[in-house]
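Residue-level structural notes
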Amino acid sequence: VSSSVQPRTVAAPGAGGRHAPAGVRRPVPPLRTRLSDGREILYFDDAPGADRSARDERGLQPVTTSSELRHDPFTDEWVVIADHRQTRTFLPSASQCPLCPTRDGLRSEVPASSYDVVVFENRFPSLAGTAPAPLPASDAGALVSAAGTGRCEVVVFTDDHDAVLARLPPQRVRTLVDAWAHRSTELARQPGVEQVFVFENRGADIGVTLQHPHGQVYAYPFVPPRARQLANAARAHRARTGGCLVCDRLALELAADERVVLRGRAWSAVVPFAARWPFEVHVVPHRHVRSLPDLDDAERDELAVLWTDVLRRLDGVFDIEMPYIASWQQAPVREADGHLFGQVLSLRRAPDKLKHLAGSESAAGAWVGDVRPETAARALRAAG
Ligand SMILES: [Zn+2]
Ligand SMILES: [Zn+2]
């Protein structure tokens, strides 16, 4: 039985928008200032001209962080130990939300009385500070550790506490894409940073501690395992075939068609052939670009439409707000080659059931999928 639901095409917002003459939109440069404890805050606005001079009147003392990296010789991976985060704010009521704009009775992390997209350094970061020196070489015969340097930023998508990213207008999502690209460029230049990782955790099932719609950016002082695996696989594929693994894989998926969720002009969304999670979508630019800053204007505009389309489809599968993790795989800072893609995954396998990472996944590292990738793709196509 073949599905009668065809992949939908998406159109980028027309060039007739107020801020998009002739399809070209120069991102509004962020306005930057500091919070009372010295952390940086950057306002990314949909349109220029906003007043962002409000000061943080809280008089916060700087938080001391004590993150440590420990090398695991069994896997050749770094583990971040960040026990100071145990005291961080946990599910505050809406009236005490630290991400809402500052107003009478609430002095939040954002001094402005309204904003579009705002980025600031996390007060309880897993990683902080700069490290000009490379990490110590791993040595199985010694206990190898290092300071947990890097940077953790919070990216707030809207000043509306009750909004969801999936339903924000394309213009705002475009501002968000520009903010992701800006942070990726700037953090990659910070001494000691090896990987910039942009992500959003959504839903209490994922462990989200703040309800207000927001994501995060981590600048790691090492290449995280998944990025390293991807880079190694891409390098091996390049050596064997001369081609790009992601380009070649995308062509294969578009030809097979079975797992394609959305086909755009510059992007496609597909469920990977060997998906691990009940619902997992890769959002892939058709052009071979290594990172978010490399996306051109048309690609960013189309992404602003397609990204939220994928998220709405996820919510549409069971007609509930799905818990998800959305993230971007960019080439590591020191990797010249690579092909950017977004990954959206949900651990909810049925309206009342979550996938738990139990024995096989957590202990053996072998994934057992609960939903056939083709079935998930069909459900996501039908949910549009
Ligand atoms: Zn809020
Ligand atoms: Zn490629």
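Residues numbered from 1 in each chain as written. Chains lettered and ligands numbered in written order. Predicted model: local features only at pLDDT ≥ 70, side-chain atom pairs only at ≥ 80, totals over all residues. Heavy atoms only, no water.

1. Overview of the overall build of the protein chain
Inclusion rule: Helix numbering and strand numbering both begin at the N terminus, where a helix is a DSSP run of H or I of at least 4 residues and a strand a DSSP run of E of at least 2. The buried label applies to any residue whose accessible area, calculated with a 1.4 Å probe on protein chains only, is under 20% of its type's maximum; exposed applies above 50%, and partly exposed to all values in between. Should any heavy atoms of two residues lie within 4.5 Å, those residues are counted as being in contact. Each accessible area is a Shrake-Rupley estimate made with a 1.4 Å probe; only the visible protein chains count as cover when residues are assessed. In this tally, Asp and Glu contribute negative charge and Lys and Arg positive charge; neither His nor the terminal groups of the chain are included. Lys charges are placed at NZ, Arg charges at CZ, Asp charges at CG and Glu charges at CD.
Regarding its fold elements, the protein chain presents six helices and 17 strands. Counting only C-alpha atoms and orienting by the principal axes, one finds that the protein chain spans roughly 65 × 60 × 45 Å. Counting the 384 residues in the protein chain, one finds 50% classified as buried. Intrachain contacts of the protein chain at a sequence separation of at least 6 include 67% that bridge at least 24 residues. Approximately 18,100 Å² of the protein chain is accessible, and the part contributed by carbon and sulfur atoms is 52%. Charged side chains of the protein chain number 46 positive and 47 negative; the gap between the two group centres comes to 2 Å.

2. Some remarks on the layout of surface pockets
Convention followed: Only protein atoms enter the 1 Å grid used here. Points where a 1.4 Å probe fits but cannot escape make up a cavity, open sets with protein on both sides within 12 Å along at least five of seven lines make up a pocket, and a residue lines them when an atom lies within 4 Å of a point. Grid points are joined across faces, edges and corners, and a volume is the space filled by probe spheres set on the points. For this classification, Asp, Glu, Lys and Arg are treated as charged, while Ala, Val, Leu, Ile, Met, Phe, Trp, Tyr, Cys and Pro are nonpolar and the rest, including Gly, are polar.
A volume near 1,600 Å³ is recorded for the largest pocket. Along the wall of the largest pocket there are 48 residues; nearest its centre are F197, F199, N201, Y218 and Y220. Elements supplying a minimum of two residues to the lining of the largest pocket: β5 (77–81), β9 (195–202), β10 (214–220), α2 (225–241), β14 (324–329) and β15 (341–346). Tallied by class, residues from the lining of the largest pocket come to 22 nonpolar, 16 polar and 10 charged. Here the second largest pocket is characterised by a volume of approximately 550 Å³. In this structure, the second largest pocket is lined by 19 residues; those nearest its centre are L230, R249, P272, H282 and F341. Among the secondary structure elements, those contributing two or more residues to the lining of the second largest pocket are α2, α3 (245–256) and β13 (279–285). Take the lining of the second largest pocket: its biggest share by element is five residues, from α3.

3. A word on the coordination of the zinc ion (ligand 1)
Rules: The donor set covers N, O and S atoms within 2.8 Å of the metal, switching to 3.2 Å for Na, K and Ca, and it leaves out water, so a site may look short of donors. Under this scheme a four-donor centre is tetrahedral when all angles range from 85 to 135 degrees, a four-donor centre is square planar and a six-donor centre octahedral when opposite donors are above 155 degrees with the rest from 65 to 115, and any other centre is irregular.
At the metal site, the zinc ion (ligand 1) is ligated by C97 (SG), C100 (SG), H161 (ND1) and H212 (ND1), and these contacts range over 2.0 to 2.4 Å. Each of the four donor atoms around the zinc ion (ligand 1) contributes to a set of angles spanning 103 to 116°, which defines the coordination as tetrahedral. For the zinc ion (ligand 1), the donor residues sit on a single chain with the sequence spacing C-x2-C-x60-H-x50-H. Taken together, the positions of C100 in the loop between β5 and β6 (117–121) and H212 in the loop between β9 and β10 put the pair 112 residues apart, joining distant regions of the chain. H212 matches C100 in its accessibility class, with the two residues each being buried.

4. Some thoughts on the environment of F279
Relative to the assigned elements, F279 resides in strand β13. F279 sits in the buried class, given a relative accessible area of 4%. Linking F279 and V198, residues 81 residues apart in sequence, is a C-alpha distance of 20 Å. Here F279 is in contact with L314, V317, F318, M322, V344, L345, S346, R348, A376, A379 and L380, once residues within four sequence places are set aside.

5. Comments concerning the coordination of the zinc ion (ligand 2)
Binding of the zinc ion (ligand 2) to the protein goes through C244 (SG), C247 (SG), H288 (ND1) and H339 (ND1), at separations of 2.0 to 2.3 Å. Note that the zinc ion (ligand 2) binds four donor atoms; their angles at the metal cover 103 to 118°, and the shape is tetrahedral.

6. Re the sheet that holds strand β4 (residues 68–72)
This is how it is decided: A pair of strands counts as paired when DSSP detects no fewer than two bridges linking them. Axis lines are fitted to C-alpha atoms, over the contacting stretch for helices. Their N-to-C directions set the angle, which ranges from 0 to 180 degrees.
In spatial order, the strands read β5-β4-β7; together these three strands make up an open sheet with antiparallel pairing. In the strand order of this sheet, the two ends are held by β5 and β7 (145–147), each with one partner. For this sheet, the mean inter-axis angle between neighbouring strands, taken without regard to orientation, is 30°.

7. So, the pairing of strand β11 (residues 260–263)
Sheet analysis places β11 next to strand β12 (residues 267–270), joined by three bridges and oriented antiparallel. Within β12, the residue paired with R263 across the bridge is S268. As consecutive antiparallel partners, β11 and β12 are separated by three residues.

8. Re the confidence of the model for the protein chain
Let me state the cut-off plainly: Residue-level confidence of the predictor is what pLDDT reports, using numbers from 0 through 100.
Summary statistics for the protein chain give a mean pLDDT of 90 and a share of 91% for residues scoring 70 or more. Every residue in residues 1–8 is under pLDDT 50, and counting partners more than four places away or in other chains gives 16 contacts. For the stretch residues 11–23, pLDDT sits under 50, and the model shows 19 contacts to residues farther than four places along the chain or on other chains.

9. Points about empty space enclosed by the protein
Vacant regions in the atomic arrangement are exposed by a probe of water-molecule size rolled over the atoms. Summed over all chains, the structure comprises one cavity of 30 Å³ or more. Of the volumes computed, that of the largest cavity is approximately 50 Å³. In this structure, the largest cavity is lined by F157, L165, W180, V198, F199, E200, W307, A326, S327 and W328. Those elements that provide at least two residues to the lining of the largest cavity are β9 and β14.

10. Topic: the packing of aromatic side chains
To be explicit about the condition: Aromatic rings from Phe, Tyr and Trp, with only the six-membered ring used for Trp, were paired whenever their centres fell within 6.5 Å, and each pair was classed as stacked if the ring planes differed by under 30 degrees, edge-to-face if by over 60, and tilted otherwise.
Applying the stated criterion across every chain, the model contains 11 aromatic pairs. Between W307 and W328, the ring centres sit 4.7 Å apart and the planes meet at 20°, which makes this aromatic pair stacked. One end of the pair, W307, is in helix α4 (residues 297–318); the other, W328, is in strand β14, with 21 residues separating them in the sequence. For the pair shown, W307 and W328 are each scored as buried.

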